[in-house]
Protein chains: 2
Amino acid sequence: MEQLSRSAGTVRPGGRTARVRAAVLEATQDELVEHGFHGLTMDQVAARAGVGKTTVYRRWGSPAGLVTDLMTELADQSSPHADTGSIEGDLRANALAVCEAVNDGRLGTTFQAMIAAATSDRQAANALRDFYARRIEEWAGVVDLAVQRGELPKGTDALELIRAVSAPLYYRLVVTREPVTPQVAEHSVRRALAAARAGAFIP
Amino acid sequence: MEQLSRSAGTVRPGGRTARVRAAVLEATQDELVEHGFHGLTMDQVAARAGVGKTTVYRRWGSPAGLVTDLMTELADQSSPHADTGSIEGDLRANALAVCEAVNDGRLGTTFQAMIAAATSDRQAANALRDFYARRIEEWAGVVDLAVQRGELPKGTDALELIRAVSAPLYYRLVVTREPVTPQVAEHSVRRALAAARAGAFIP
DNA sequence: CAGCTAACGGGACGGCTATCCCGTTAGCTG
DNA sequence: CAGCTAACGGGATAGCCGTCCCGTTAGCTG
C-alpha cells in the first residue's frame, strides 16, 4: 500500500503535511478527553485542528483511523523500562507505570479509546496488539535478568510473567470497571511473583 | 424512574409487551453476530424483530440500551458453579466456562458487544460491572469451601482469587486480542492457584 | 526563483439516523 | 363481552455524517 502510493509520484513529507498531522492528532486527543471515543467526530476534529474536514477524511478515513495513528505515535515514544536490581522492584515499576498511565486524564482516555476502537475496527485492533507486543517484549528483559541472577527459576516464561502483571489491571479497567489503584498494582505484582517463584510460569 | 412510570398508571406486563421484548432481544443478538456492536442500528433491529422502530427507540433508546437489556437478561440466567471436590477442579471449570463463553459465536459476540457498549455508555458500564460482580460472588463460594477443607490457607481473598483466574483470559480477549484457548485457561488456573497456595491472596 | 504537482480547503449533495405526531391495536377491568 | 387506555405502528421531518468535485496553496526540483 505504502509502496504503491510512493511509486505513483514524489512524496512530500515536508512542513505542511507534518504540521497538519500534529494539529489533527492534538485535536483528536482533546476531543477524546472531552467526549470519549463514541463522541469523536471527524468534523469536530477538523474544526478544532483548524484544517479542512476533507483532509481528515482523506488521510485517516474514520475515528478509528485517527485513534490508530495516535496509538502508533505513542508506540514510538518507547518508555524505558526500569532496572532496580531486583525483579520485585522492576515488576512494581512496570505495574505502577501502567497504573499511572491509565489514570492520567489525557493518556488514560487515549488508552480507553484505543480499546474501544479495537472492538469495532480491525486495523485498530492490530495496532493495539502490536503496541502491547512491543511493550511486553521490552519489559521481558528484566525477567531474563532475574533468572540469570537466580531470583526466579530457570525456564520462566518472561512474556507470560509480564502479561500476568498487567492483566488484572486491565481487567479492572475494561471489564469490571473498578478503579486501578497503586494498591491493586502492588497486589498484582505480589501474586504474579509468588506464582513465578513456585515455578508456575515454566511451560 | 421505574417507580414514577408505575405510579402514573396501570402497568401492563402482559403478553404483547413481553413478546415484543423477546423478539427485539433476539433480533439484537442476531444483528450483533452479523455486524458487531458498531454496526448495530435501531432501525435494522426493529425490522428484523418485526416491530415498529418507534417502539425500539421508546423502550431502549440506543444500541447501548439494547445491549444493556440483553446483559441483564443473561445475568438472570445464573450459570451454576461446579463443585468438583477440589479447588483446582472448580477453578478449572470456571476458567473453561469463561473460555467457552467468549469463543461461542452467539454468546461471545454478545460479550464483546457488552464491553464495547460499556466504553461509551455509563448505563452499560454499570450493568457490565453488576453482571461480573454477581458471577464472581457466585464462584467465590468454592474458594471458601477449599479454605475450610484446608486446601488453601486461611484468610484467602475469595473474590480476588476468582478475579485472578479470569483476568488473563479477558486481557487476551480485549487488550492483546490473542485467542483464548483452553490451554490459556489451564495456565491461568495453575498460576492463580500457585499464588494462592503461597499465601499471596491473604490481605 | 520559477514551474510543477502533491496536498489542502470549501462548499454542495445524498443517505441515514433519530425524533415527533397521531391513528391503531390489544391487554386489563368490571 | 364491552369499554378504557397503555403500548405499539407507520409515516413525515429535521439534522448530521460521509463523500465528491474542483479551485487553491505551498513544498519540492532544477
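Residues numbered from 1 in each chain as written. Chains lettered and ligands numbered in written order. Predicted model: local features only at pLDDT ≥ 70, side-chain atom pairs only at ≥ 80, totals over all residues. Heavy atoms only, no water.

Under an unreviewed UniProt entry, the name given to chain A is TetR/AcrR family transcriptional regulator, and the source organism is Nonomuraea turkmeniaca.

### As for the overall build of chain A
So the rule is basically this: Helix and strand assignments follow DSSP, with helices taken as H or I runs no shorter than four residues and strands as E runs no shorter than two, numbered in order from the N terminus. Relative accessibility thresholds used throughout: buried, under 20% of the residue-type maximum; exposed, over 50%; partly exposed, between the two (1.4 Å probe, protein chains only). By definition in these notes, contact holds between two residues if any of their heavy atoms fall within 4.5 Å. Residue exposure ignores everything except the shown protein chains as possible cover, and the areas themselves are Shrake-Rupley values with a 1.4 Å probe. Only four residue types enter the charge count: Lys and Arg as positive, Asp and Glu as negative, with His and the chain ends excluded. Think of each charge as sitting on NZ of Lys, CZ of Arg, CG of Asp or CD of Glu.
Looking only at helices and strands, chain A has 10 helices and zero strands in total. The helix and strand sequence of chain A, counted from the amino end, reads α-α-α-α-α-α-α-α-α-α. Across the 203 residues in chain A, those meeting the buried criterion constitute 47%. Contacts in chain A between residues at least 24 apart in sequence constitute 67% of all its contacts with a sequence separation of at least 6. Of the roughly 9,900 Å² of accessible surface on chain A, 52% is carried by carbon and sulfur atoms. Each charge class in chain A can be summarised by its mean position, and for the 23 positive and 24 negative side chains these summaries are 4 Å apart.

### Thoughts on the interface of chain B and chain A
Note the cut-off: Buried area is understood as the total, over both parts, of accessible area removed when two parts are fitted together, assessed with a 1.4 Å probe. Salt bridge, as applied in this entry: a Lys or Arg side-chain nitrogen positioned within 4 Å of an Asp or Glu carboxyl oxygen. Whenever a nitrogen or oxygen atom comes within 3.5 Å of another N or O atom, the pair is scored as a polar contact, on the condition that within protein one atom can donate a hydrogen and the other can accept it, and that pairs from neighbouring residues in sequence are kept only if both atoms are in side chains.
In this complex, chain B contributes 34 residues to the contact, which on the side of chain A involves 34 residues. Across the interface of chain B and chain A, roughly 3,100 Å² is buried in total on both sides, 61% from carbon and sulfur atoms. In this structure, the connection of chain B to chain A is made through six salt bridges. We note a salt bridge from R191 of chain A to E160 of chain B, for which the minimum N-O separation is 2.7 Å. Taken together, the links from chain B to chain A amount to 12 residue pairs in polar contact (both at pLDDT 80 or more). Elements supplying a minimum of two residues to the side of chain B that touches chain A: α7 (105-118), α8 (122-149), α9 (158-176) and α10 (182-197) of chain B.

### Section: the UniProt feature "DNA-binding region" (unreviewed entry) in chain A
Put simply, the rule is: UniProt positions are given in the numbering used here, feature names are shortened, and annotations may be inferred rather than shown by experiment.
As annotated by UniProt and renumbered to match this structure, "DNA-binding region" (unreviewed entry) occupies residues 41-60 of chain A. In residues 41-60 of chain A, helix accounts for 80% and strand for 0%; the two terminal C-alpha atoms are 12 Å from one another.

### Some points on the layout of surface pockets
Rules: Lining residues are defined by having an atom within 4 Å of a point belonging to a cavity or pocket. Those points lie on a 1 Å grid over the protein atoms alone, cavities being sets where a 1.4 Å probe fits but cannot get out and pockets being open sets with protein on both sides within 12 Å along at least five of seven lines. Grid points are joined across faces, edges and corners, and a volume is the space filled by probe spheres set on the points.
Estimates place the volume of the largest pocket at around 740 Å³. Lining the largest pocket are 33 residues; nearest its centre among them are T119 and S120 of chain A together with F37, H38 and A116 of chain B. Of all the secondary-structure elements, those providing two or more residues to the lining of the largest pocket are α5 (63-76) of chain A together with α2 (15-35), α5 (63-76), α6 (87-103) and α7 of chain B. In terms of residues, the lining of the largest pocket owes the most to one element, α7 of chain B, which gives six residues.

### Regarding the relation of the copies chain B and chain A
For the record, the criterion: In this comparison the copies share one frame, found by least squares on the C-alpha atoms of residues holding pLDDT of at least 70 in both.
Turning chain B through 180° and shifting it by 0.0 Å along the axis lays it on chain A, with an RMSD of 0.1 Å. When the rotation and shift are considered jointly, the pair of chain copies conforms to a two-fold rotation axis. In terms of proximity to the rotation axis, the leading residue of chain B is A195 of chain B, whose C-alpha is 2.3 Å off the axis. Most of the interface of chain B is mirrored in chain A, where 100% of its interface residues again form contacts.

### Observations regarding unusual backbone geometry
The backbone of R177 of chain A shows a phi angle near 55°, a positive value even though the residue is not glycine. Examined against the element boundaries, R177 of chain A turns out to sit in the loop between α9 (158-176) and α10 (182-197).

### Structural notes on the packing of helix α8 (residues 122-149) of chain A against α9 of chain A
Residue and element names in this part refer to chain A. Our working rule: Axes here mean lines fitted to C-alpha atoms, for a helix over just the part in contact, with angles spanning 0 to 180 degrees between N-to-C directions. An angle below 35 degrees is treated as roughly parallel, one above 145 as roughly antiparallel, one from 65 to 115 as roughly perpendicular, and anything else as oblique. For any helix crossing, the convention is left-handed if the near helix is rotated counterclockwise from the far helix by under a right angle, and right-handed if that rotation is clockwise.
Viewed as axis vectors pointing N to C, α8 and α9 meet at an angle of 120°, and their least axial separation amounts to 8 Å. Taken together, the axis directions place α8 and α9 in an arrangement best described as oblique. Judged by the twist between their axes, the crossing of α8 over α9 is right-handed. Of the residues in α9, those in contact with Y132, I136, E137, W139, A140, V143 and D144 of α8 are A158, L159, L161, I162, R163 and Y170.

### Observations concerning the environment of R191 of chain B
Counting through the fold element by element, R191 of chain B comes out in helix α10. Along the backbone, R191 of chain B and V165 of chain B are 26 residues apart, and their C-alpha atoms lie at a distance of 8.3 Å.

### Description of the domain arrangement of chain A
It is common to report an interface's size as the accessible area lost on association of the parts. Residue and element names in this part refer to chain A. The following threshold applies: An automatic or database domain assignment is the source of the domain bounds shown.
What the domain assignment reports for chain A is domain 1 (16-62) and domain 2 (75-198). Facing the six residues of domain 1 at the interface are seven residues of domain 2. Interface of domain 1 and domain 2: buried area, both sides summed, is about 630 Å²; carbon and sulfur atoms make up 57% of it. Summed over the three residues of domain 1 that lose the most area to domain 2, namely Q29, V33 and F37, the buried surface amounts to 69% of that side. Put simply, domain 1 and domain 2 have two salt bridges between them. Residue R106 pairs with E26 through a salt bridge whose shortest N-O separation is 3.2 Å. At the junction of domain 1 with domain 2, the criterion picks out four residue pairs in polar contact (both at pLDDT 80 or more).

### Quick look at α7 of chain B
Put simply, the test is: Expected helix span is computed as 1.5 Å times (number of residues minus one).
Helix length check: α7 of chain B, at 14 residues, gives a terminal C-alpha distance of 20 Å against a target of 20 Å (1.5 Å per residue), a fit within 8%. Buried within α7 of chain B are the following residues: G108, T110, F111, A113, M114, I115, A116, A117 and A118 of chain B. On its buried side, α7 of chain B packs onto α9 of chain A together with α2, α5, α6, α8 and α9 of chain B. Of the residues flanking the start of α7 of chain B, the one acting as N-cap is D104 of chain B, its side-chain oxygen 3.3 Å from the backbone nitrogen of R106 of chain B.

### Describing the pattern of salt bridges
As enumerated under the stated definition, the model contains 34 salt bridges over all chains in all. Note that E178 of chain B is salt-bridged to R163 of chain A, the shortest N-O span being 3.1 Å. With E178 of chain B in the loop between α9 and α10 and R163 of chain A in helix α9, this pair bridges two chains. Between R106 of chain B and D30 of chain B there is a salt bridge whose closest N-O contact spans 2.9 Å. Of this pair, R106 of chain B sits in helix α7 while D30 of chain B sits in helix α2; the two residues are 76 residues apart in sequence, bridging distant segments of the chain. Because the salt bridges share partners, they merge into one network encompassing E26, D30, E31, E34, R48 and R106 of chain A.

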